[in-house]
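Here is how the chains run, residue by residue.
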Protein chains: 2
Amino acid sequence: MYKEFVENAEQEQDSYKGKDKMYVAIDCIIFGFDAGSLKLLIFKRRVEPLKGEWSLIGSFVNLDEDVSAAAGRVLEEITGLKDVFMEELKTYGAADRDPGYRVISIGQYALIRLNEYDRKLVEAHGAVWHDVDKLPSLVLDHDQMVQDALEKLKAKARFQPIGFELLPEKFTIPQLQSLYEAIYQKELDSRNFRKKVMSYNVLIKLDEKDKSSSKRGAFLYKFDHARYKKLLQSGYNFEI
Amino acid sequence: MYKEFVENAEQEQDSYKGKDKMYVAIDCIIFGFDAGSLKLLIFKRRVEPLKGEWSLIGSFVNLDEDVSAAAGRVLEEITGLKDVFMEELKTYGAADRDPGYRVISIGQYALIRLNEYDRKLVEAHGAVWHDVDKLPSLVLDHDQMVQDALEKLKAKARFQPIGFELLPEKFTIPQLQSLYEAIYQKELDSRNFRKKVMSYNVLIKLDEKDKSSSKRGAFLYKFDHARYKKLLQSGYNFEI
DNA sequence: CCAAAAGTGTTACACGTACACCCATGA
DNA sequence: TCATGGGTGTACGTGTAACACTTTTGG
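So, here's what we can say about the structure. (Residues numbered from 1 in each chain as written. Chains lettered and ligands numbered in written order. Predicted model: local features only at pLDDT ≥ 70, side-chain atom pairs only at ≥ 80, totals over all residues. Heavy atoms only, no water.)

**Re the pairing of strand β10 (residues 218-223) of chain B**
Residues and elements named next belong to chain B. Sheet analysis places strand β8 (residues 171-172) next to β10, joined by two bridges and oriented antiparallel. Across the sheet, Thr172 pairs through a bridge with Leu220, a residue of β10. As paired elements, strand β9 (residues 203-210) and β10 share five bridges and run antiparallel to each other. In the sheet register, Lys209 faces β10, and the bridge partner there is Phe219. (Pairing = 2+ DSSP bridges. Helix = DSSP H or I, 4+ residues; strand = E, 2+ residues; numbered from the N terminus.)

Rendered as structure tokens:
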């Protein structure tokens, strides 16, 4: 029945007549983690409008493209990475948010591993990693987007093991702790932290050590995704 | 600098040239609560396309209208209520979600008090309240929207006192418990529930009783918004 | 041998959970 | 008087938070 109707209509349906079309964009809030602090990938605009201003990286959504696909496309264009943790943040839909023409933007935040992305690509786009606690101000409502993304990250990391998306595949417990300290902006007790993390049984201890930050070295671990999925089924809940 | 640029451009900026415009809609997932069960406001479409099918209530967003304002407008048109709890759920942005033309929709969920809305308005729109656990299937991706909204409600009600938005201003503890049981789909122990709720000190006990569901009657309470705000400042967290 | 980070246990307290009985009242 | 829902207290176990010392090893 719907099909018939659509076929009768030419290109756009009658019921859409008189309705307004607008641009739909996505903006990426891309987080990384290194040396004890959270980083954000931003770039300095090289063309008008707003040339020279700091901005998130975004794009318009094409007519035949899923909104999430647009976000994935931009992320890959700039970092070379596919299959990265990426999720919708929220819609920025104020009528006057873009002074040029009506554009709504869907913020998408991503967590990537700083040891995996394509440095040349990033450089080629004029993008740079910036500490989140020393950010310059960004164009339009991008500051708000970053603020919102940080809050979401803080809230979400507590109950879902998304923090691991920011660490290399192999990481040490002190690294993990330092990450959570950066996200929560709060120091944690190392004994309690280790005890709690270990209690979830989702870390695989490796035989290697990372000696980059101490003489003694710290054991490396991997996150056990399979096990985590299984545990989820049997209704357990992760909380750090 | 941005301004200059905009003024040079005519109506639409050069940098937007060749980009696609599309329709932006909002769909409202409107919850109510009564007689121990969660209700959803849906309506049967009276015009093509999809005439006769069950659907959420939505609207296109106008060019000069904030996305959230569009949601507020629709909610008021159909229920007569302003200043209701309403929040973005997420964006539904699949390229083929609407077979007519490209339309992205931003799901917005609202919680309203069933004793306050305008019954005549709702009727006039052909909308009806339906138990969420016996819903007919809805058009397009609206089933998914409802599913997502239910999950969000479940997750959010636990840490933020949004449940109260679904009850009359004055409510009894058994009513409150019954609401949480409907949200969590799980029976709760009345002694523990009462103890916990009371421990937050955000309920004001009134001198009235509600005798509608027992001979003895249950004391009525009001939620103390001011107190809740104050407590939030001093970093406490609500959890039920 | 020493500086610097990794790793380990115990105790006190708060909180969650399980559980059963009396109270008030209208019919 | 009795059926029905409202309201209360306790005991136990689990989890959280506070806290300090030993181990390892490269320089």
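**Some words on the protein's contact with DNA strand D**
Near DNA strand D, the surroundings consist of 19 residues, among which Arg216 of chain A together with Arg191, Arg194, Lys195 and Arg216 of chain B are the closest. Close to the protein, within 4 Å, the atoms of DNA strand D belong to sugar or phosphate groups at a rate of 42%. Take Phe219 of chain B: an N or O atom from its main chain is 3.0 Å from a phosphate oxygen of DNA strand D. Those elements that provide at least two residues to the surface near DNA strand D are α6 (190-199) of chain A together with α6 (190-199) and β10 of chain B. Per-element tally for the surface near DNA strand D: the top contributor is α6 of chain A, with four residues. Residues belonging to the surface near DNA strand D are distributed by class as follows: three nonpolar, four polar and 12 charged. (Near = heavy atom within 4 Å. Polar contact = N/O pair within 3.5 Å; in protein donor to acceptor, adjacent residues only side chain to side chain. Nonpolar A, V, L, I, M, F, W, Y, C, P; charged D, E, K, R; others polar.)

**A closer look at the protein's contact with DNA strand C**
Residues in close proximity to DNA strand C total 19 residues, the closest being Arg191, Arg194 and Arg216 of chain A together with Arg191 and Arg216 of chain B. The sugar-phosphate portion of DNA strand C accounts for 42% of its atoms within 4 Å of the protein, the bases making up the rest. Lys196 of chain B is positioned with one of its side-chain polar atoms (N or O) 3.4 Å from a phosphate oxygen of DNA strand C. Lys215 of chain B places a side-chain nitrogen or oxygen 3.3 Å from a base nitrogen of DNA strand C. Broken down by secondary-structure element, the contributors of at least two residues to the surface near DNA strand C are α6 and β10 (218-223) of chain A together with α6 of chain B. Residue contributions to the surface near DNA strand C peak at four residues, all from α6 of chain B. Residue composition of the surface near DNA strand C, grouped by class: three nonpolar, four polar and 12 charged.

**Details of the pairing of strand β2 (residues 37-44) of chain B**
All names here are of chain B. Among the eight residues of β2, seven are classified as buried, and the element is accordingly described as predominantly covered. Counted between consecutive antiparallel strands, the loop separating strand β1 (residues 21-34) from β2 contains two residues, among which Ala35 sits at a positive phi close to 50°. Inspection of the sheet shows β2 paired to strand β7 (residues 127-131) by five bridges, in the antiparallel sense. From the neighbouring strand, Ile42 faces β7, where its bridge partner is Val128. As paired elements, β2 and strand β3 (residues 54-55) share two bridges and run antiparallel to each other. Of the residues in β3, the one forming a bridge with Lys44 is Trp54. (Buried < 20%, exposed > 50% of the residue type's maximum accessible area, 1.4 Å probe, protein only.)

**Observations concerning the interface of chain B and chain A**
Contacts between the two partners involve 42 residues from chain B and, on the opposite side, 42 residues from chain A. Carbon and sulfur atoms make up 63% of the surface buried where chain B meets chain A, a total of about 4,300 Å² over both sides. Seen at the junction of chain B and chain A, the total is zero salt bridges. Across the chain B-chain A interface, the total number found is 20 residue pairs in polar contact (both at pLDDT 80 or more). (Contact = heavy atoms within 4.5 Å. Buried area = accessible area lost by both parts, 1.4 Å probe. Salt bridge = Lys/Arg side-chain N within 4 Å of Asp/Glu carboxyl O.)

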